[in-house]
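# Observations on chain architecture
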Amino acid sequence: MYILALDQGTTSSRAILFDRAGNPVRVAQQEFEQHFPRPGWVEHDAEEIWETQLKVAREVLTDLAAGELAAIGITNQRETTVIWDRKTGKPVHNAIVWQDRRTAGMCDDLERRGLEAFFRERTGLVLDAYFSGTKVAWILDNVDGVRPRAAAGELAFGTIDSWLIYNLTGGRTHVTDASNASRTLLYNIHSGMWDSDLIDLLEIPESLLPGVVASSGTCAHTTGDLFGAEFPISGVAGDQQAALFGQNCLKPGMVKNTYGTGCFLLMNTGKKAIQSTSGLLTTIAWQLDGQTTYALEGSVFIGGAVVQWLRDGLGLLERSSDVEALARTVPDNGGVYFVPAFVGLGAPHWDPYARGAIFGLTRGSTRGHLARAALESIAYQTADLLGAMVSDSGLDLDEIRVDGGAAGNNLLMQFQADLLGVSVVRPTITESTARGAAFLAGLAVGFWNDVDEIAAIWKEDRRFERDVSEDEVKGLMANWRKAVSRAGGWEERK
């Protein structure tokens, strides 16, 4: 018996089969096109997302008997926003991706109206273009004919989990889970309901919104024609919350960092929703067995994507995996600092008007220095987040658990440990996001009995410890902060 995890990410759709030991036994992946219609705008074709996700799911299920699949779990890029026609299933516009900055001005207007604290109190989020609510408002106001159709109840809004479930069920089910709902600027994380005051402020018809379900529990069944039989969809969580669960950070104070397109540092805070004073987010981690678990989160918008830019934008790499070898051609960064604020800066800075910049270049700077500075930028941003997290939580951390594609980069992981001064622990299986979705789905159908059983599955692969002096770290961080300050506010507020 197996659990199928659908892992719909920012640059690719993946499907992974997990066995009872939590091991991935089959994996399929397909990239899809990124659209950049204007500077700072990022879009996806939602129909292409569905087509690629369906294709890879069918690929891993090839030759698998219907009785061998116990359930399906879904994890997804979170704030990316789709609005579609309830009858035809056709999107009214491209999906607006979480990285997109087009609604920064709208967020500024709400802040000028004194609403920042109001939104933060209800949602745990800051007013930023990152989140779904203002993206929904933008589509309603800027795509011809959409607002009256939404008011008439003809349209549906969802993040990518909702979009996949709608298609997997042949249009029968329009739901999201609590972790994804908590990323919309529309959901009250304390009452566990869509917030009518916030919905009214953003002028969004409530009929657009999906029902909210638990992260673990059967919420729908696929149609029989997709995979040869109907299967329960019994686990749903946003990608970073799923990774927290997949890393078995099940107790308050446990922390994980995912090194993907972006980087996302989350701390389990248990039943307590801690309000940040340091620019972090308070979010729902998951709902399980009738209980809501909360988390503190810091988001780095451009993590591994900076390596993709070296590859695709500058042509410095043939493959992203070549970056470590190139970075190792030099002993240090040579005084070069790279602030990859291509779409602004996330926590704890929250500067949508920052832009990417490279500082400290000399005639002696090489491709190796650029590669090393790019990798180091990922670690610096994470260090900023962890400092804020320790301040908010009042906890002294011993370790962080790491996953995502770049977690396999030993140079980056060692530099991260050097900056943080805590153990950086990589598990034997770094597919934490998909694994978390599989765990949530499997718990709901009895594939695994309880959280103790899945906690025993997690195994450590390698532990990185600080290997430089405190004074050296202070100098590196001082230069990084200087670079960030100079990249900040580059774009004019509109």
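Report on the accompanying structure. Since the model is a prediction, treat every value here as computed from it, not as a measurement.

### Focus on the overall build of the protein chain
Secondary structure assignment for the protein chain yields 17 helices and 23 strands. Against the globule reference of 23 Å for 494 residues, the protein chain gives a C-alpha radius of gyration of 21 Å, in line with a compact fold. For the protein chain, the spread of C-alpha atoms along the three principal axes comes to 60 × 50 × 45 Å. Counting across all 494 residues of the protein chain, residues that qualify as buried make up 62%. Sequence separation of at least 24 residues holds for 73% of the intrachain contacts in the protein chain that already meet a minimum separation of 6. When the accessible area of the protein chain is evaluated, it comes to approximately 18,200 Å², of which 47% is carbon and sulfur surface.

### A word on the packing of helix 1 (residues 46–61) against helix 6 (residues 160–168)
At a minimum axis distance of 11 Å, the contact between helix 1 and helix 6 shows a crossing angle of 65 degrees. Relative to helix 6, the crossing made by helix 1 is right-handed. Residue-level contacts link Ala 46, Glu 47, Ile 49, Trp 50 and Gln 53 of helix 1 to Ile 160, Trp 163, Leu 164, Asn 167 and Leu 168 of helix 6. Across the contact of helix 1 with helix 6, the residue classes break down as 7 nonpolar, 2 polar and 1 charged.

### What about the pattern of salt bridges?
The final tally for this structure, using the stated rule, is 27 salt bridges. Of the charged contacts, one joins Glu 399 and Arg 463 as a salt bridge, the two residues approaching to 3.2 Å between their closest N and O atoms. Of this pair, Glu 399 sits in strand 21 (residues 399–403) while Arg 463 sits in strand 23 (residues 460–464); the two residues are 64 residues apart in sequence, bridging distant segments of the chain. Look at Arg 463 and you get partly exposed, because its relative accessible area is 35%. A salt bridge links Glu 470 to Arg 466; its shortest N-O distance comes to 2.5 Å. Take Glu 470: its relative accessible area is 43%, and that puts it in the partly exposed class. The class for Arg 466 is partly exposed, based on a relative accessible area of 28%. Each of the salt bridges in this network shares a partner with another, and the network as a whole consists of Arg 78, Glu 79, Arg 183, Asp 239 and Glu 297.

### Comments concerning the packing of helix 13 (residues 367–393) against helix 14 (residues 410–420)
Interaxial distance between helix 13 and helix 14 falls to 9 Å at its minimum, and their mutual angle equals 40 degrees. Classified by the interaxial angle, the pair formed by helix 13 and helix 14 is oblique. Between helix 13 and helix 14 lies a crossing of right-handed hand. Note on element contacts: helix 14 touches helix 13 through Leu 411, Leu 412, Phe 415, Gln 416, Leu 419 and Leu 420, opposite Arg 372, Leu 375, Glu 376, Ile 378, Ala 379, Tyr 380, Thr 382, Ala 383 and Leu 386.

### Describing the packing of aromatic side chains
To describe a pair of aromatic rings, you give the distance between the ring centres and the angle between the ring planes. Taken as a whole and assessed by the stated rule, the structure comprises 22 aromatic pairs. Plain terms: the ring middles of Phe 245 and Trp 286 are 4.8 Å apart, the flat faces sit at 80 degrees to each other, and that makes the pair edge-to-face. Of this pair, Phe 245 sits in helix 10 (residues 239–246) while Trp 286 sits in strand 17 (residues 281–288), and the two are 41 residues apart along the sequence. For Phe 245, a relative accessible area of 1% gives the class buried. Relative to Trp 350, the ring of Phe 301 has its centre 5.9 Å away and its plane inclined at 65 degrees; by these criteria the two rings are edge-to-face. Placement of Phe 301 in the loop between strand 18 (291–300) and helix 11 (305–312) and of Trp 350 in the loop between strand 19 (337–339) and strand 20 (357–359) is noted, with a sequence separation of 49 residues between them.

### A short note on the sheet that holds strand 21
Strands sit in the order 17-18-16-15-21-22-23 across an open sheet of 7 strands; the sheet is mixed. The sheet terminates laterally at strand 17 and strand 23, the two strands that pair on one side only. Direction aside, neighbouring strands of the sheet carry axes that sit 30 degrees apart on average. Pairing of strand 15 (residues 255–259) with strand 21 involves 3 bridges; the strand directions are parallel. Within the sheet, the bridge partner assigned to Lys 256 lies in strand 21 and is Arg 401.

### Quick word on the environment of Gly 262
Examined against the element boundaries, Gly 262 turns out to sit in the loop between strand 15 and strand 16 (263–270). For Gly 262, a relative accessible area of 2% gives the class buried. Gly 262 sits 38 residues away from Val 300 along the chain, and the two C-alpha atoms are 5.3 Å apart. In contact with Gly 262, other than residues within four places in its own chain, are Trp 98, Val 300, Phe 301, Ile 302 and Gly 303.

### Observations concerning the side chain of His 369
Position of His 369 relative to the elements: it lies in helix 13. Overall, His 369 belongs to the buried group, its relative accessible area being 12%. Here the side chain of His 369 touches Thr 366 through a polar contact of 3.0 Å, side chain to side chain.

### Quick notes on the sheet that holds strand 14 (residues 232–238)
The 6 strands lie next to each other as 3-2-1-5-14-13, forming an open sheet whose pairing is mixed. The outermost strands of the open sheet, each flanked by one partner alone, are strand 3 (24–31) and strand 13 (216–221). Pairs of neighbouring strands in the sheet enclose a mean axial angle of 25 degrees, with direction left out of account. In this structure, strand 1 (residues 2–8) lies alongside strand 2 (residues 12–18), joined through 6 bridges in antiparallel fashion. Residue Ala 5 lies in a different strand from strand 2, and its bridge partner there is Ile 16. Helix-sheet contacts for helix 6 involve strand 1, strand 5 (69–76), strand 13 and strand 14, and the interaxial angle to strand 5 is about 145 degrees.

Rules used in this analysis
- Residues numbered from 1 in each chain as written.
- Predicted model: local features only at pLDDT ≥ 70, side-chain atom pairs only at ≥ 80, totals over all residues.
- Heavy atoms only, no water.
- Helix = DSSP H or I, 4+ residues; strand = E, 2+ residues; numbered from the N terminus.
- Rg over C-alpha atoms; globule rule 2.2 N^0.38 Å.
- Buried < 20%, exposed > 50% of the residue type's maximum accessible area, 1.4 Å probe, protein only.
- Contact = heavy atoms within 4.5 Å.
- Areas by Shrake-Rupley, 256 points an atom, 1.4 Å probe, with all protein chains shown as cover.
- Axes fitted to C-alpha atoms, helices over the stretch in contact; angles between N-to-C directions.
- Left-handed = near helix turned anticlockwise from the far one by under 90°.
- Nonpolar A, V, L, I, M, F, W, Y, C, P; charged D, E, K, R; others polar.
- Salt bridge = Lys/Arg side-chain N within 4 Å of Asp/Glu carboxyl O.
- Parallel < 35°, antiparallel > 145°, perpendicular 65-115°, else oblique.
- Phe/Tyr/Trp six-rings, centres within 6.5 Å; stacked < 30°, edge-to-face > 60°.
- Pairing = 2+ DSSP bridges.
- Polar contact = N/O pair within 3.5 Å; in protein donor to acceptor, adjacent residues only side chain to side chain.

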